[in-house]
Amino acid sequence: MDDMSQTEQSINSALTSRLRRLFRFPKTIRASLYLLIVVSLLPVAIGIPLFASYLYKDQTLQEQRSLAHLVNGIAQVLDRDLLIHQRSAESYAGSRSLAAGDFVHTYKRAKDLEKINPDTYLYIADATGQELISTLKPFGSSLPQVDNPAQLHLVFKTGRSFISGLYYSSQLGKNIVSIDVPVMDGDKVKFNLGIGIKPDHFNHLFNAMKVPEGYIGAILDQQGFIISRSVSPDKFIGKRAVLPLLQQMQKSPNGDLTTTTLEGISSYGVYQQTTLAGWTVIVGAPVSVLHANLWSLIRFFCLGYAVLLLIGFLLSRLIGGRISREVQSLVPMAVTLGEGKPVMQPELAISEVKDVACAMQTAASLIHQRTEERDRAKQKEKEAERLRHLAVDASLKDALTGLANRRLFDESLLQAWNQCLQNHEPLSIIMVDVDHFKAFNDYYGHQAGDECLKALAKALLTGAVRQDDVVARYGGEEFVVILPQVDLPGALRIAQRMQSHVNHLAIPHAASSVASHVTISAGVTTAIPVPGENPLRLVTESDAYLYMAKGKGRNSIFSKDGRFPAADLQASVEPHFYDGMDI
């Protein structure tokens, strides 16, 4: 019996010793944190993530199908609505009264239809873009040019009907869309007949298709601008959709994505491109709405884990208490380190915390040393940077006018030439000379001449407004302008604007035989760069045209097409060049 009792005691002692070693508190902070995480999150990790993932996938699939069906329905209704308006416009265009030039009858019919659908109006324009009739104004009133000339040109060029994107109507003072159809005279387009549609017209589609409350529906044009919106239309119509949606639309005309709306609401949306107009219909459901039911189920199941979590939290508190005390003992050391004072290491038990304390002591001395070295290096770097900027500015800018100098002009010309060569785009050069500037200097003095050149430089700069345009002082009273991606009509228009700005300065010039104020002459040339050609050819050509301008009376602009005085130039230039700028 005694032997058995001793054996049992030996077994119990060995088991107790093994259990103590197994549950002994870790000696490292990393092991303590691992144990804390395992004890706290193991019950939750077993069931909740798997169940939540299943619910999320199932609900997302159902919502995707429901939204796709809704978006498809809206897109079909939108196409049908636009087709009705297009057929209506084509009916007007094919009427006998319009073919006979009877605008009065067409105007009366359109006004009667406008009473039925007040969100639309009718207009007719000729090939120049001049509106001939518009139901927005009484018959016979003076009318402006159309607000969407690009689409009008397509109608006259192709003889086909087009549905526009969103653009601004100067007559209505708001954004609209339009359907433009050709009025044919035999096999030629005689007029453009358009039906303008206010965006408010499309708002009823969302109500008609029963877009759920809280969801956000929108119609986008071909460029991604918002035509109609179910929520806050007045605030967002005319703005572009969020960038992730635009990028997704470029990849695929139909699809779905999760993104943030313009209001900052995280939403899941489905979009589809319409067949007729190429517009896009999108309906988005806020993620918070989608997840409402999901989180209700998750909260219910979480109650079943509450007891297990409570046990885990109690154990975590017991384990974490020791870790917290060890880590907190480093706080006074960190404060002392920040103050630049000597760091004293407290008594610590966890090896990693000890390592950190030793490192902080070493860092205290290194920080002080590195701070002094860094401050000295920064001071030297700032001084070197300042001197470098001064040197670069002095080597690339004209000292008198502040414009690019000859060196910067040569570099900019070569860069613009290569860029236009790569993209097969036009490159224009304007060579400018101040008329009778030597006489100006002789009459008013060289100081007045310098002030005159400064004023002219500012005037020329206001004529070239793009970032890639370069205005340089070529020498003496000569200036040169580089205009990448600008054709000849565009360059002539810019030269005219510069000439106008100089005239508006009205700098007196009593010694001029051209005018009572300072004037300029300009030579303009344009070319599409060809491999192997020298870009200086453009400078030579523009200088030759400048010579012609000076020889033909000055205060004028010459190009390969001859002289372009101010009155003639305005009428000869198309309004759609120079990146769409109003120049």
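Residues numbered from 1 in each chain as written. Predicted model: local features only at pLDDT ≥ 70, side-chain atom pairs only at ≥ 80, totals over all residues. Heavy atoms only, no water.

### With respect to the overall build of the chain
Looking only at helices and strands, the chain has 17 helices and 17 strands in total. Counting across all 583 residues of the chain, residues that qualify as buried make up 41%. Considering only contacts in the chain between residues 6 or more positions apart, those separated by 24 or more positions represent 60%. Put simply, the chain shows about 32,700 Å² of open surface, and 57% of that area lies on carbon and sulfur atoms. (Helix = DSSP H or I, 4+ residues; strand = E, 2+ residues; numbered from the N terminus. Buried < 20%, exposed > 50% of the residue type's maximum accessible area, 1.4 Å probe, protein only. Contact = heavy atoms within 4.5 Å. Areas by Shrake-Rupley, 256 points an atom, 1.4 Å probe, with all protein chains shown as cover.)

### Re the sheet that holds strand S16 (residues 557–559)
Reading across the sheet, the six strands line up as S13-S14-S12-S15-S16-S17 and stay open at both edges, with mixed pairing between neighbours. Only two strands of the sheet have a single neighbouring strand rather than two, namely strand S13 (470–475) and strand S17 (562–563). Pairing of strand S15 (residues 520–527) with S16 involves two bridges; the strand directions are parallel. Looking at the pairing, Ala522 lines up with Ile557 of S16. (Pairing = 2+ DSSP bridges.)

### Focus on empty space enclosed by the protein
What the rule picks out here adds up to four cavities of 30 Å³ or more. Roughly 240 Å³ of internal volume is contained in the largest cavity. What lines the largest cavity is a set of 17 residues, and nearest its centre among them are Ile216, Arg229, Leu245, Thr261 and Ile282. Here the lining of the largest cavity takes four residues from strand S7 (residues 216–220), the largest share from any one element. Grouping the amino acids of the lining of the largest cavity by side-chain chemistry returns nine nonpolar, seven polar and one charged. (1 Å grid on protein atoms, 1.4 Å probe; cavity = no way out; pocket = protein on both sides within 12 Å on 5 of 7 lines; lining within 4 Å. Points joined across faces, edges and corners; volume = space filled by probe spheres on them. Nonpolar A, V, L, I, M, F, W, Y, C, P; charged D, E, K, R; others polar.)

### Observations regarding unusual backbone geometry
Here the phi dihedral of His436 falls at roughly 55 degrees; this positive angle occurs in a residue that is not glycine. In this fold, His436 is placed in the loop between strand S12 (427–434) and helix H13 (437–444). The backbone phi angle of Gln485 is positive, close to 60 degrees, even though this residue is not glycine. With respect to the secondary-structure elements, Gln485 resides in the loop between strand S14 (478–484) and helix H15 (488–505).

### A look at H13
All of the buried residues along H13 are Phe437, Phe440 and Asn441. Each buried residue of H13 sits inside an arc of 95 degrees when the element is viewed along its axis, so together they form one side. Looking at H13, the residues exposed on the side facing more than 90 degrees away from the buried face are Lys438, Asp442 and Tyr443. In this fold, the buried residues of H13 make contact with S12 and helix H14 (446–461). Positive backbone phi, approximately 100 degrees, marks Gly445, located one or two places after H13. (Arc of directions from axis to C-beta.)

### Quick word on the sheet that holds strand S11 (residues 280–286)
If you trace the five strands from one edge of the open sheet to the other, you get S8-S7-S11-S10-S9, paired in antiparallel fashion. Edge positions in the sheet fall to strand S8 (226–229) and strand S9 (255–260), since each of these pairs with one other strand and no more. Across the sheet, the axes of successive neighbouring strands diverge by a mean angle of 25 degrees, strand direction being ignored. Bridge count for S7 against S11 is five bridges, and the pairing is antiparallel. Each bridged residue has a counterpart across the sheet, and for Gly217 the counterpart in S11 is Val283. Across the sheet, helix H8 (residues 243–251) is in contact with S7, S9, strand S10 (266–273) and S11; its angle to S9 comes to roughly 160 degrees. (Axes fitted to C-alpha atoms, helices over the stretch in contact; angles between N-to-C directions.)

### Focus on the pairing of strand S2 (residues 131–134)
Inspection of the sheet shows strand S1 (residues 120–125) paired to S2 by three bridges, in the antiparallel sense. Opposite Ala125, over in S2, you have Glu131 as the bridge partner. Between the antiparallel neighbours S1 and S2 lie five residues, among them Gly129 with a positive phi of about 95 degrees.

### A closer look at the pattern of salt bridges
As enumerated under the stated definition, the model contains ten salt bridges in all. A salt bridge links Lys454 to Glu451, with the nearest nitrogen and oxygen atoms 3.6 Å apart. Of the two residues, Lys454 and Glu451 both sit in helix H14, three residues apart, roughly one turn of that helix. Judged by relative accessible area, Lys454 falls into the partly exposed class, the value being 32%. Its salt-bridge partner being Arg537, residue Glu541 comes within 2.5 Å of it at the nearest N-O pair. Taken together, the residues span about one helical turn, with Glu541 and Arg537 both in helix H16 (residues 536–551) at a distance of four residues. A relative accessible area of 26% means that Glu541 is categorised as partly exposed. (Salt bridge = Lys/Arg side-chain N within 4 Å of Asp/Glu carboxyl O.)

### Brief notes about helix H5 (residues 149–158)
Three or more residues of H5 are buried, namely Gln151, Leu152 and Val155. Down the axis of H5, the smallest arc covering the buried residues is 105 degrees, so these residues share one side.

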